[in-house]
Structure formats: C-alpha cells, structure tokens
Amino acid sequence: MSNTFVIKGFGGERKLHGKVSITGAKNAALKAIASTVLFRDTVTLTNIPEINDTFRMFDLLKDMGADVVNLKHGVYTVLIPRGFATELSPGIAKRMRSSIVLTGPVLARYGKVSFPHPGGCVIGARPLDLFVDGFEKMGAKVSVKDDSYVVEAKDGLKGAEFFLKNQSVTVTETFMMAGVLASGSTIIKNAAMEPEIADLAQFLNKCGAKIIGAGTPTIIIKGGKLLAGARKPYKTMPDRIEAGSFLVLGALASRELHITNCNPAHLESPIELLRSAGVSIETKKTEIIVRAPSKLRAVDVKTHEYPGFPTDLQAPMTVLLTQAEGESKVFETIFEGRLNYTESLSAMGASITMMDPHRVLVRGKSELRGRKLTSPDLRAGLAFVIAAVVAKGESVIHNVDTTIDRGYEDIENRLRAIGVEIERAQVLSESV
Ligand code: EPU
C-alpha cells in the first residue's frame, strides 16, 4: 500500500486563514540525534519532529546498540552503551542521505566506521569526495569493500585544517562533530553557515564542546573528552523550510495566515523576495503574518547557500511564480536535477521552459488544473500540495510516505486546520 493525498483546489481563490504552528527543524534534529554518539551519558532531545527521517535516524542508532526511549511526543532520550557497533545499517543508511553525519561522531569516538553509499532524495549527483578528503586529513584510512566505505583511524582522529571546495552543510556538521573528540584543533574554512549548524554547535558547547565560529565561514573546534548530557536537554530550532513553505502557500491562497513558533530571522531572503513579488508580510519575533495580494509580480530566483535563497524552498517558490504576472527566471545553483518536478507543473497548465538542468523560465500567470502527480522528492512533494491548492479541480499526489512524510509532521491535519481540502488515502502501490 502507498499513501496519497487527494486535494480539492480553490482555483486561485484566497480562502485560507488561521494559524499554523511550525515544528522542530528536520535538518537540525537529525544532526542532534547523530551527535548523541559524542556523549558519555544520557541525552534528552526535545521538540523533535515526528517524521519518517527522524524515526529512521533513531532506527540507525538503535540498530547499532543505542538505548533510545520516546518519553512523550517529540521527546526522546538516547544513551550510547558499551559495545556500540560502528557499522551503519546499509538497509537504513542507503535510503537516507543524512545518515552520513553519523560517520563523524562514530569515527571520532571509536576510531572506525563503515557505511554504504547513502541514498536519499533524487535531486542530482550527491558526491562524497569532501567526506573522504576530510577523513583522510584527520588521519584516517578510507577503503571501499563490498559496496561499503570502511574508515579507520587506529590512533584516533587528529585535528586538521581544511578548506571546503563547496560550502556543504552535512560535511561541515560531520567534521564539526568529529573535531569535538579529535586530538588538537580542527579548522573548517569555507564552512556552510546554515542556522542548523549554529544550533548544533550551541547545544554541543553547552555540554562541554569547544566550538567557535559556527554560523560563520570559519569554524574552530578544540578537541576534548566525551560530552556530558545530563540536565542539558536539546530543543530543536523551528523548521525554516516548513515556515517558508507555509509562507508561500499563504502568499498564494490566504486571506490572512499566521505562521507561529518560527524564526523570521532565518527567512530574510525568501521574505525579501516575496515582498518584491508584491506579497504583504508582517514579522514579529516568532511569528509571520502573510496575506495573498490580488496580483503577484514576476521575480527572479537564484538559490544560494545561507543566508541566500534556500534550495529547499525553490520548488514552492516556482509554484508561486506560475501565478505571478510576467516572466521569472529560476536558477538552481546547488543541485542539478532539482528542477525536474517542473514537468509536472507544466502538465498542470504552467508555462515553464527548461533552459538547462539548472535553469527554468516561468511565464505567468497560468491557470493550473488538478492532476495526478508523483513527487520526485520531499520538497517538490510539498510544492505539489501548494500547486494542488491553487489549481482548479482535484489533484492526487502519490508517494506521500516516501516523500512528504519524510519531512513534515502531521501535515494534512495542519493544512486542513487552515482551510485546505485535503484527505489521505491508501492505494495499492501498483496503481501509482
Ligand atoms: N558536495 C560535494 N562533495 C561532497 C558533499 C557535497 O561536492 O562530498 C556538494 C553537493 O554536490 C552540492 C553542495 O556540495 O552541490 C552542497 O550540498 P550539501 O552537501 O550542502 O547538501 P547536503 O549537506 O547533503 C543539506 C540538507 C539538504 C539541503 C542542502 C543544501 C540535510 C540533511 N540536508 O544537504 O536538505 O538541500 O543541505 O542546503 O541537512 C532536504 O531537507 O530536503 C534536503 C535535501
């Protein structure tokens, strides 16, 4: 069986209203869960989003021997006992790219780690060269055996200095965590600056780590002992991608939408861009209020590492541009292959021309019609939900369990609460 969403579109009417509360950030929670390997005692994690990706990350840890307890909704404790294994389960890791961040803490604590080439969303080639380079610079040997990477540092990891040729988020996090237990100092230059990285560093520092500069392009980590978690619970920061997606939905279809429990400071670039498209946005400390304008203007979008426009909001933004008057260029600079979903928007009636794998031209405004859709990845999945709300007629979105459910908690109930006509249905996989 596979899960689908059936959505009745409003055909452009501005009907949504109310309040939606943002959950903990997937891409912060996953790293905090991985970081529990750096601790000598029990760690308490709170505001963890209850989504397939965090469940899988806990499964990975449990498979290696960790003691994971779900105390209540969103609250977990993790204890890494003696005899913790150093092999990441291929069955789980192959399905989830972010599993790679576990390699840093496991290698740093145990001097070895093995893992398969990790899978995840199909958003283009996702190389591992920066991970391999980093392991080697820190004194480890990397070999490939039976489809698995085996990394060993017999004398423990040594602090090292490296310059990342690409500002990679998971590479930065992996080596920031590895540096916490390495001997000497580790310096990461051209580090990614996403807020999730600073969030992780702040938590680790509270528990005894010495990390300076997370959130800037140079991070210095002084290696030390295992961290102490007792009485210092971690609270996941709000999900800026979820907040940004609701912002786009509100900009398209709401009379007035209040997005609460979020951090508008993490969304400066999308907010600026939406304002220049004519959207009325008000920000408070932890809330954004958005109203759909009667007309949207075309704007160009170029994805960029933080604080630029996030690649994870590119698909929802492109849906918005199909409803804007004029011609917009969308330039996806981070991942090749992350514009393939635009074919489905064209099938719904959008006028989109692919210039090359990184660029599309959107001509608006077009009337979208409900369709059967199969999402290629998690973020495009939610973009299809937004497109379906804007479209005329009914849309059916397939593969919800392997895409949307990976990253958005209880999404249909939260959408329904603000007026979206959405139902979850189960269908036989063969009929998808
Ligand atoms: N790269 C390399 N070599 C490597 C690793 C990455 O060249 O060894 C390149 C990539 O090919 C890409 C660039 O570095 O061109 C940046 O990719 P990055 O490594 O930052 O991506 P990531 O760390 O795998 C994280 C998020 C993604 C998000 C990107 C960009 C997590 C678990 N994933 O991925 O989130 O799109 O950063 O912000 O944090 C999602 O949540 O749906 C998602 C895909």
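Residues numbered from 1 in each chain as written. Predicted model: local features only at pLDDT ≥ 70, side-chain atom pairs only at ≥ 80, totals over all residues. Heavy atoms only, no water.

- As annotated in an unreviewed UniProt entry, the chain carries the name UDP-N-acetylglucosamine 1-carboxyvinyltransferase and comes from Candidatus Nomurabacteria bacterium GW2011_GWC2_42_20.
- The chain has a UniProt comment under Catalytic activity (unreviewed entry) that states "phosphoenolpyruvate + UDP-N-acetyl-alpha-D-glucosamine = UDP-N-acetyl-3-O-(1-carboxyvinyl)-alpha-D-glucosamine + phosphate".
- Under Pathway (unreviewed entry), UniProt gives the following word-for-word description of the chain: "Cell wall biogenesis; peptidoglycan biosynthesis." (UniProt positions renumbered as here; feature names shortened; annotations may be inferred.)

## Focus on the site of the ligand
Thinking step 1. Around the ligand lies a shell of 26 residues, among which Lys31, Asp129, Ser168, Thr170 and Asp312 are the nearest.
Thinking step 2. A distance of 2.7 Å separates a nitrogen atom of the ligand from a polar side-chain atom of Asp129.
Thinking step 3. Protein chains shield 91% of the accessible area of the ligand, which is 830 Å² for the free molecule.
Thinking step 4. Looking at the shell around the ligand, the elements that each hand over two or more residues are α1 (26-35), α5 (129-137), α6 (169-181) and α12 (378-390).
Thinking step 5. Here the residues of the shell around the ligand sort into 11 nonpolar, 7 polar and 8 charged. (Near = heavy atom within 4 Å. Polar contact = N/O pair within 3.5 Å; in protein donor to acceptor, adjacent residues only side chain to side chain. Areas by Shrake-Rupley, 256 points an atom, 1.4 Å probe, with all protein chains shown as cover. Helix = DSSP H or I, 4+ residues; strand = E, 2+ residues; numbered from the N terminus. Nonpolar A, V, L, I, M, F, W, Y, C, P; charged D, E, K, R; others polar.)

## As for the nonpolar core
Thinking step 1. Counting residues in each nonpolar core, the largest one holds 74 residues, and the members touching the most others are Leu102 and Leu204.
Thinking step 2. The dominant element in this core, judged by the number of residues it contributes, is α6, at 7 residues.
Thinking step 3. Of all hydrophobic cores here, the second largest spans 70 residues; its members include Leu345, Val362, Leu368 and Leu373. (Core = buried A, V, L, I, M, F, W, Y, C linked by side-chain atoms within 4.5 Å. Buried < 20%, exposed > 50% of the residue type's maximum accessible area, 1.4 Å probe, protein only.)

## Overview of the pattern of salt bridges
Close approach of charged atoms allows side chains of opposite charge to pair.
Thinking step 1. The tally for this structure, following the rule as stated, stands at 19 salt bridges.
Thinking step 2. Close ionic contact of Asp312 with Arg338 constitutes a salt bridge, the shortest N to O distance being 2.6 Å. Of this pair, Asp312 sits in the loop between β18 (301-302) and α10 (314-321) while Arg338 sits in the loop between β19 (324-331) and α11 (342-347); the two residues are 26 residues apart in sequence, bridging distant segments of the chain. Of the two residues, Asp312 and Arg338, neither departs from the other in class, the shared state being buried. (Salt bridge = Lys/Arg side-chain N within 4 Å of Asp/Glu carboxyl O.)

## A short note on the domain arrangement of the chain
Interface extent is often summarised as the accessible area lost during association of the parts.
Thinking step 1. Partitioning the chain into domains gives domain 1 (2-23 + 238-431) and domain 2 (26-235).
Thinking step 2. Across the contact, 22 residues belong to domain 1 and 22 residues belong to domain 2.
Thinking step 3. Across the interface of domain 1 and domain 2, roughly 1900 Å² is buried in total on both sides, 49% from carbon and sulfur atoms.
Thinking step 4. When residues of domain 1 are sorted by the area they lose upon contact with domain 2, Tyr306, Arg406 and Glu409 head the list and together hold 36% of the total.
Thinking step 5. Inspection of the domain 1/domain 2 interface yields 2 salt bridges.
Thinking step 6. The partner of Glu196 in a salt bridge is Arg240, and the shortest N-O contact between them spans 2.8 Å.
Thinking step 7. Our count for the contact surface shared by domain 1 and domain 2 stands at 8 residue pairs in polar contact (both at pLDDT 80 or more).
Thinking step 8. Contributing elements (two or more residues each) for the side of domain 1 that touches domain 2: α12 and α13 (404-407). (Domains from an automatic or database assignment. Contact = heavy atoms within 4.5 Å. Buried area = accessible area lost by both parts, 1.4 Å probe.)

## Quick word on α10
Because each turn of an α-helix spans 3.6 residues, side chains separated by three or four positions end up pointing in the same direction.
Thinking step 1. Of all the 8 residues making up α10, 8 are buried; the element is thus mostly covered by neighbouring parts of the structure.
Thinking step 2. Those residues of α10 not exposed but buried are Gln314, Ala315, Pro316, Met317, Thr318, Val319, Leu320 and Leu321.

## A short note on the layout of surface pockets
Thinking step 1. The volume enclosed by the largest pocket comes to roughly 1100 Å³.
Thinking step 2. Lining the largest pocket are 48 residues, and of these Arg126, Val169, Thr311, Ile334 and Phe335 lie nearest its centre.
Thinking step 3. Of all the secondary-structure elements, those providing two or more residues to the lining of the largest pocket are α1, α5, α6, α8 (240-253) and α12.
Thinking step 4. Of the residues assigned to the lining of the largest pocket, the class counts are 18 nonpolar, 11 polar and 19 charged. (1 Å grid on protein atoms, 1.4 Å probe; cavity = no way out; pocket = protein on both sides within 12 Å on 5 of 7 lines; lining within 4 Å. Points joined across faces, edges and corners; volume = space filled by probe spheres on them.)

## Examining the sheet that holds strand β4 (residues 67-72)
Pairing between the strands of a sheet comes from backbone hydrogen bonds, and it takes one of two forms, parallel or antiparallel.
Thinking step 1. Here we have 4 strands laid out as an open sheet, ordered β4-β5-β3-β13, and mixed in their pairing. One side of each edge strand has no neighbouring strand; the edge strands of this open sheet are β4 and β13 (234-235).
Thinking step 2. Bridge analysis of strand β3 (residues 43-46) against β13 gives 2 bridges, and the strand direction is parallel. Residue pairing in the sheet places Leu45 in a bridge with Tyr234 of β13. (Pairing = 2+ DSSP bridges.)

## Some thoughts on the pairing of β4
Thinking step 1. Relative to strand β5 (residues 75-79), β4 runs antiparallel, the two being bridged by 5 bridges. The residue of β5 that forms the bridge with Val68 is Val78.
Thinking step 2. Two successive antiparallel strands, β4 and β5, enclose a turn made up of 2 residues, where Gly74 displays a positive phi of approximately 80 degrees.

## Examining the sheet that holds strand β24 (residues 421-427)
Thinking step 1. With mixed pairing, 4 strands are arranged side by side in an open sheet as β22-β23-β1-β24. Strands at the two margins of the open sheet, each flanked by one partner only, are β22 (372-374) and β24. Shown here is a sheet whose adjacent strand axes are inclined to one another by a mean of 25 degrees, direction ignored. (Axes fitted to C-alpha atoms, helices over the stretch in contact; angles between N-to-C directions.)

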